[in-house]
Amino acid sequence: MEAFDYVAPRTLDEVYGHLNNGKRTLFMAGGTDVIVQLREGRRECDLLIDLKRIEQLTSYAFDSEGTLVIGAAAPLARIYEDVDVRRRLPGLVDAASLIGGIQIQSRASLGGNLCNASPAADSSPALIALGATLVIASVSGRREIPVEEFFLGPGRNALEPGELLVEVRIPAQPPRSGTRYLRFIPRNEMDIAVASAGVRVQLAPDSDTLESVRIALGAVGPTVKVVDVTSLAGRTADSATIEEAGRLAAEVATPIDDMRGSIIQRRKLARVLTIRAMEGAIERAKEIR
Amino acid sequence: MTTIERPAYKVIGSRPVRPDGVEKVTGKAQYAADPRPQGVVFGKILRSPHAHARIVSIDTSEAERHPGVLGIVTAADFPQAEDKVQDLGEGAVNLRELSDNILASEKVLYRGHAIAAVAAASPHEAEAAAQKIRVEYEVLTPVTNVLDAMREDAPLLNETRHTKMMGGQHSERPSNIAAYNQFKAGDADAGLAESDLVVEREFTTSMVHQGYIEPQSSTASWNADGTITIWTSTQGAFVVRAQVAEVLRIPVARIKVIPMEIGGGFGGKIPIYLDPVAALLSKKSGRPVKLSMNRTEVFEGTGPTSGTVISVKAGAKDGKLHAVQATLRYEAGAYPGSPVGAGAMTMLAPYDLEHVEIHTFDVVVNKPKTSAYRAPGSPAAAFAMESVVDELARTLKIDPLQFRLNSASKEGTKQVTGVPFARIGNEEVLNTAMTHPHYTAPIEGPYRGRGVASGYWFNGGMQSSVVVAVNPDGTVNLVEGSTDIGGTRASLAMQLAETLSIPYDAIRPIVADTDSIGHNDVTGGSRTTVASGMAVYQAGQDVIREMSSRAARLWSVTPEDVSYEDGVFHCLKDSTKELTFKELAAQGARTGGPIAGRASLVARGAGGAFGTHIVDVEVDPGTGKTTILRYTAVQDVGTAIHPSYVEGQIQGGVVQGIGWALNEEFVYDENGRMLNSSFLDYRMPTALDVPLIDAVIVEVPNPGHPYGVRGVGEVPIVPPLAAIANAVADATGHRFTQLPLSPRRLIEELDGGD
């Protein structure tokens, strides 16, 4: 590890003052990934900008429309321990309580997990299922994109030089909807998803008919895979439909063989996890909250 | 606790707090990386990126000019080492190979093989400078699999190595097979032919690491008077001293090794890696030098245990194990010396059978040189043998524990070496397991299953030396030289308290450095509580003799007229005269000076031990994941000195066995590069992956020990691999013969992913 400078600004304007100066700059929204990568020589930088002192980036709140606005560096433990969040967005809690591991979730953040752009990240399938968007800021303004457009490839995201991720926005969930995120790891902790699935279903007001389904898969392609499940809308949320969703998911999966899992294993997991997550999502959709 | 014939003890069998406990839980205990002698600087090792290559040249000139650099060493700085074999207690080592393993001279034989080292003012400067050492390699084809390495056309790690055969001959052709051996009794072919049922299988296990939490670290100071002081993490300070002396060609008298607290070893901290390098860097830089490994260096550059391929053909006759033919092929790593012999000698220990034929191959591959790992060689062999025994019993519709009991070894049963067993507790363990509520409870539900397996370990004796000094206040200093890994300060203090009939709290155990006590062999082979315990017992007797003569002097009688009972010296000539241990201790100065006792010995009769494990699992057919539902480990421990630490040893061994069975493996690519050299991807079990492990202690006292102790620490890692594989077979109906039983393997073998 080479020596580098470290700054911990208090405002976004201060952050912008450190950018666009030719320095190799990295942001730290927790350190779960970036510190390890620096220590192992997988990344290098001249300047590390710690975002943890910026109030706007470390807080979260529901706005007047019910959208949950989460600062990119807000600690996961605070989010998933929030009673309101647990009641309104259990699908988010599924993912947030897995990222990084219990011992570091008082520092680890959604923003860090997203920007690291691992195909196996736990945040992205859940956020895509929830229809979340990301707010990206620079000295010249803000832009907002759906989460699924943020990933360009393993370790590559849509941030341009001078930009940083500032907010994750999760819209109020429709009535009779439910979201579930599941991942598979060989152990029960301290591991990276071999495959994962985030599923949101919305049921008709007075029947088990599916009004809409969103499915996103992790670790079965270079970026999160969004499964086209438009054909499921209008069908009854029964086991045949759920099996069909699993089949569609396995078709979309384009996994690789690596030390963490094989193609056969990941394709099977895409199906099994989609089925189990969809069952969980339907169950939640039927709960009265 | 099942206890067979045990005297009434006062201290033995109780559960006091360990003497080192408070320092450890408050973070004050000093581990290997903690010492900071005045002026210390930092070293970094440069390691090979190739698994197999000839070193053409090493250019250190640019690195020497890097800011902060104070010295660089390569193998050229070592004295020329000779082919001489040194016994380290748990495994022998060839000194030239040891030297080459510490810093490669002509060839690198595995990725991570150390080549050079830099000392600099800061760790970062040392790291940057190490990257500036230019090494020119002639890259060679690596061979990382034992079967590939055994082929006649395999790339050779050492062109001059020939297979060492039985009786000392060598093969004509050079070979990666370093040694071939065989064990024979009866007529295995005939025995198999007359068997009622024969099962034949081939089993594969992967290279696995001990996974001790504390990476290796060594700090060395080459002092102005030519002496060397080494602070290090080791299972045996005296063995470090001996190895450093040989590698550097320096008399042991000039080396002082200070053993720090140890964060786990499991056999992996017997060989040396950093100590002589730190010493040479200190000589060059004129400063104390600290060398510490990171986790990747630990995985790639220290000694794991062998991957294996084991074939077993076994026959049963009249409901008993009757004949076994087996071939064991063990990866030694880069240099010879796998524990294949121990595998052969332990795999049939639970059985009394007539016909045996075992062939063993010790094979070098382009992976790290293996070192000891908890019951070295035994778990993989037991995985193979106990899987086949399970299959025989199930096919014959005999309860698998009953089948083992029908075939059980006992006192007098000949082992494969021809040596008969002394008193052993195999049958007691099996009987305890059979009647345990776990075994008698039903196991129900889809994809659930139960497995059992037995295991054996010899246990070691070897050399121990202790000094016992009695303080005037009646407390006692116990000076010993065994690294305390599993609570041996407590277990030795307890044995001394029992011997002296004084309270446990009155004993202060001290693990001394190599200048301060006689030679002690490594804490390995489950020997310390046994062998140092014998020394403690003898030293305690020595103290009682000495104190009896002091009392005799005070009472003007002969020592024979003094008796010692329950902490009180009595005058046999005058029943009004008596002195407590504490009262007499205060009379040292008046009766001839300080009171001390000592003992030095080579311990014999260590006493082998057996364990039988019962495990229930549930397999998720959707993900291939195996969950351990319930685990019971029954073990004969001779006498449990401190039952909590005995249970801790049993539970720890089981956890390591669970990891080995389910997820742990060194994963290599085709170039011999390890792909999972981190705790993230080398998947040891976490606290959330293991259930409560019920440790059931059986006590069949070891007749070779004054308190009946048998070694405890190694036996419990032997049965879990097979027990879990047998449970998974029961749960899925499919016999798995390759470890680990990872979700990936289960998915791929069970249904091809459908």
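In this text, all values refer to a predicted model and were calculated from it rather than measured experimentally.

Each value, and the rule that gives it
- In this convention, every chain numbers its residues from 1, walking through the sequence in written order.
- Lettering of chains starts at A and numbering of ligands starts at 1, both following the order in which they are written.
- Local features in this predicted model are restricted to residues whose pLDDT is 70 or higher, and side-chain atom pairs enter the listing and the counts only when it is 80 or higher, whereas totals over whole chains, interfaces and linings include all residues.
- Note: side-chain values were computed over all heavy atoms of the structure, leaving out hydrogens and water.
- Helix numbering and strand numbering both begin at the N terminus, where a helix is a DSSP run of H or I of at least 4 residues and a strand a DSSP run of E of at least 2.
- Under the scheme applied here, a residue whose accessible area is under 20% of the maximum for its type counts as buried, over 50% as exposed, and between as partly exposed, the area being computed with a 1.4 Å probe on protein chains only.
- By definition, residues are in contact when any of their heavy atoms lie within 4.5 Å.
- Methods summary: accessible areas were calculated by the Shrake-Rupley approach with a probe of 1.4 Å, and residue burial reflects only the protein chains presented.
- For the purpose of charge, His is not counted, nor are the chain termini; Lys and Arg are scored as positive and Asp and Glu as negative.
- For the purpose of locating charges, the reference atoms are NZ of Lys, CZ of Arg, CG of Asp and CD of Glu.
- A radius of gyration in this sense is built from C-alpha atoms; the matching globule rule multiplies 2.2 Å by the number of residues raised to 0.38.
- Fitting a line to C-alpha atoms yields each axis, with helices limited to the stretch in contact; the angle taken between N-to-C directions then spans 0 to 180 degrees.
- Roughly parallel means an angle under 35 degrees; roughly antiparallel, over 145; roughly perpendicular, 65 to 115; everything else is oblique.
- Gly counts as polar in this scheme, as do all residues outside two lists: the nonpolar Ala, Val, Leu, Ile, Met, Phe, Trp, Tyr, Cys and Pro, and the charged Asp, Glu, Lys and Arg.
- Here, strands pair whenever DSSP counts at least two bridges between them.
- What gets called buried area is simply the loss in accessible area from a 1.4 Å probe that two parts show on being joined, summed for both.
- Think of a salt bridge as a Lys or Arg side-chain nitrogen and an Asp or Glu carboxyl oxygen that are within 4 Å of each other.
- As used throughout, domain bounds are those supplied by an automatic or database domain assignment.
- Here a polar contact is taken to be a pair of N or O atoms separated by no more than 3.5 Å, where protein atoms must pair a possible hydrogen donor with a possible acceptor and residues adjacent in sequence count only if both atoms sit in side chains.
- When the centres of two rings from Phe, Tyr and Trp lie within 6.5 Å, Trp using its six-membered ring, the rings pair. Their planes under 30 degrees apart give stacked, over 60 give edge-to-face, and anything left gives tilted.
- We count a charge as sitting over a ring when the NZ of a lysine or the CZ of an arginine lies within 6 Å of the ring centre and within 35 degrees of the ring normal.
- Here the term cavity refers to a set of points on a 1 Å grid, laid over the protein atoms alone, in which a 1.4 Å probe fits but cannot get out; the term pocket refers to an open set having protein on both sides within 12 Å along at least five of seven lines, with lining residues being those that place an atom within 4 Å of a point.
- Grid points are joined across faces, edges and corners, and a volume is the space filled by probe spheres set on the points.
- Starting at the helix axis, one direction is taken to each C-beta atom, and the arc is that of these directions.
- Left-handed describes a crossing whose near helix is turned anticlockwise from the far helix by less than a right angle; the clockwise case is right-handed.

### Brief notes about the overall build of chain A
Along chain A, the regular secondary structure elements total 10 helices and 14 strands. C-alpha atoms of chain A, sized along the principal axes, occupy 55 × 45 × 35 Å. Every one of the 289 residues in chain A was classed for burial, and the buried ones make up 55%. A sequence separation of at least 24 residues applies to 59% of the contacts in chain A between residues at least 6 apart. When the accessible surface of chain A is split by element, carbon and sulfur atoms take 49% of a total near 12200 Å². Of the side chains in chain A, 35 bear a positive and 38 a negative charge, and the two mean positions are spaced by 3 Å.

### Topic: the overall build of chain B
Scanning chain B for helices and strands turns up 20 helices and 31 strands. Relative to the globule expectation of 27 Å for 754 residues, the C-alpha radius of gyration of chain B, 27 Å, shows essentially globular dimensions. With the C-alpha coordinates of chain B rotated into their principal frame, the extents come out at 85 × 75 × 50 Å. Across chain B, contacts joining residues at least 24 apart in sequence account for 78% of those joining residues at least 6 apart. Accessible surface, chain B: about 26900 Å² in total, of which carbon and sulfur atoms supply 49%. Positive and negative charge centroids in chain B, built from 68 and 87 side chains respectively, lie 4 Å apart.

### As for the packing of helix α3 (residues 95-102) of chain B against helix α7 (residues 237-248) of chain B
All names here are of chain B. Between α3 and α7, the shortest axis-to-axis distance is 10 Å and the interhelical angle comes to 90°. In terms of orientation, α3 and α7 fall into the roughly perpendicular class. Judged by residue contacts, L95, L98, S99 and I102 of α3 engage Q243, E246 and V247 from α7. Here the contact of α3 with α7 is composed, by residue class, of four nonpolar, two polar and one charged.

### A short note on the sheet that holds strand β27 (residues 578-580) of chain B
Residues and elements named next belong to chain B. Spatially, the three strands line up as an open sheet ordered β25-β26-β27, and their pairing is antiparallel. Each end of this open sheet is capped by a strand with a single partner; those strands are β25 (562-565) and β27. Averaged over neighbouring strand pairs, the angle between their axes works out to 20° when direction is ignored. When strand β26 (residues 568-571) meets β27, the two strands line up antiparallel, connected through three bridges. Note that in β27 the partner of H570 across the bridge is E578.

### Considerations on the interface of chain B and chain A
The interface is formed by 28 residues belonging to chain B together with 24 residues belonging to chain A. Contact between chain B and chain A buries roughly 2300 Å² in total, counting both sides, with carbon and sulfur atoms accounting for 52%. Linking chain B with chain A are five salt bridges, by the criterion used here. We note a salt bridge from A:K268 to B:D751, for which the minimum N-O separation is 2.4 Å. For the side of chain B that touches chain A, the secondary structure elements donating two or more residues are α4 (123-130) and α20 (743-751) of chain B. For the side of chain B that touches chain A, the per-class residue count stands at 10 nonpolar, eight polar and 10 charged.

### A short note on the pattern of salt bridges
Residue and element names in this part refer to chain B. As enumerated under the stated definition, the model contains 62 salt bridges over all chains in all. A salt bridge links R423 to E428; the nearest nitrogen and oxygen atoms lie 2.9 Å apart. Relative accessible area serves as the criterion here: at 22%, R423 is assigned to the partly exposed category. One salt bridge in this structure joins R673 and D669, with 3.3 Å as the shortest N-O distance. According to the relative accessible area criterion, R673 is partly exposed, its value standing at 38%.

### Considering helix α13 (residues 426-435) of chain B
Extensive coverage of α13(B) is indicated by the burial of seven of its 10 residues. If you check which residues of α13(B) are buried, you get B:N426, B:E428, B:V429, B:L430, B:T432, B:A433 and B:M434.

### Structural notes on the domain arrangement of chain B
Residues and elements named next belong to chain B. Here the domain parsing of chain B yields domain 1 (2-28 + 461-603) and domain 2 (398-459 + 607-751). In this structure, domain 1 and domain 2 have C-alpha centres spaced 36 Å apart. Tallying the contact residues gives 30 residues for domain 1 and 29 residues for domain 2. The contact between domain 1 and domain 2 buries some 2300 Å² in all, and 55% of this surface belongs to carbon and sulfur atoms. Along the contact surface separating domain 1 from domain 2 lie one salt bridge. Inspection of the domain 1/domain 2 interface yields nine residue pairs in polar contact (both at pLDDT 80 or more). At the level of elements, β1 (2-3), α15 (488-500) and α16 (528-555) are the ones that each hand at least two residues to the side of domain 1 that touches domain 2. For the side of domain 1 that touches domain 2, the element with the highest residue contribution is α15, accounting for six residues.

### What about the packing of aromatic side chains?
Taken as a whole and assessed by the stated rule, the structure comprises 18 aromatic pairs over all chains. Relative to A:F151, the ring of A:F150 lies with its centre 5.5 Å away and its plane at 80°, an arrangement referred to as edge-to-face. Judged on exposure class, the residue A:F150 and its partner A:F151 are both buried. Measuring from ring centre to ring centre gives 6.0 Å for B:F299 and B:F666, while their planes differ by 70°; the resulting arrangement is edge-to-face. Residue B:F299 is located in helix α9 (residues 295-301), and its partner B:F666 is located in the loop between α18 (643-662) and β31 (693-699); the two are separated by 367 residues in the primary sequence. Of the two residues examined, B:F299 and B:F666, each falls in the buried class. Through a chain of ring-to-ring contacts, three or more aromatic side chains come together here, namely B:F299, B:F666, B:Y668, B:F679 and B:Y682. Taking NZ or CZ as reference, B:R18 lies 5.1 Å from the ring centre of B:Y645, over its face.

### So, empty space enclosed by the protein
Picture a little ball the size of a water molecule; that probe, rolled over the atoms, points out where space is still empty. Inspection of every chain in the model, using the stated rule, returns eight cavities of 30 Å³ or more. Considered as a void within the structure, the largest cavity measures approximately 80 Å³ in volume. Classifying every residue of the lining of the largest cavity by side-chain character gives six nonpolar, six polar and two charged.

### Points about α4(B)
Every α-helical turn comprises 3.6 residues, leaving residues that sit three or four positions apart pointing alike. All of the buried residues along α4(B) are B:A126, B:A129 and B:A130. The buried residues of α4(B) occupy an angular sector of 100° when the element is viewed end-on, so they sit on one face.

### Some remarks on the packing of α18(B) against helix α19 (residues 720-732) of chain B
Residues and elements named next belong to chain B. At their nearest, the axes of α18 and α19 sit 8 Å apart, and the two run at 55° to each other. Comparing their axes, α19 and α18 come out oblique. The way α18 lies across α19 gives a crossing that is right-handed. On the side of α18, the interface is formed by G653, V654, G657, I658, W660, A661 and L662, while α19 contributes P720, L721 and I724.

### Notes on the sheet that holds strand β3 (residues 53-59) of chain B
All names here are of chain B. Spatially, the three strands line up as an open sheet ordered β7-β3-β9, and their pairing is antiparallel. Bordering the open sheet on either side are β7 (107-108) and β9 (134-139), each of which pairs with just one other strand. By the bridge criterion, six bridges tie β3 to β9 in an arrangement that is antiparallel. What sits directly across from R54, in β9, is E138.

### Looking at unusual backbone geometry
Residues and elements named next belong to chain B. For the peptide bond that leads from L739 to P740, omega is 0°, which places it in the cis range. With respect to the helices and strands, the residue P740 is situated in the loop between α19 and α20. One non-glycine residue, N459, lies in positive phi territory at about 75°.

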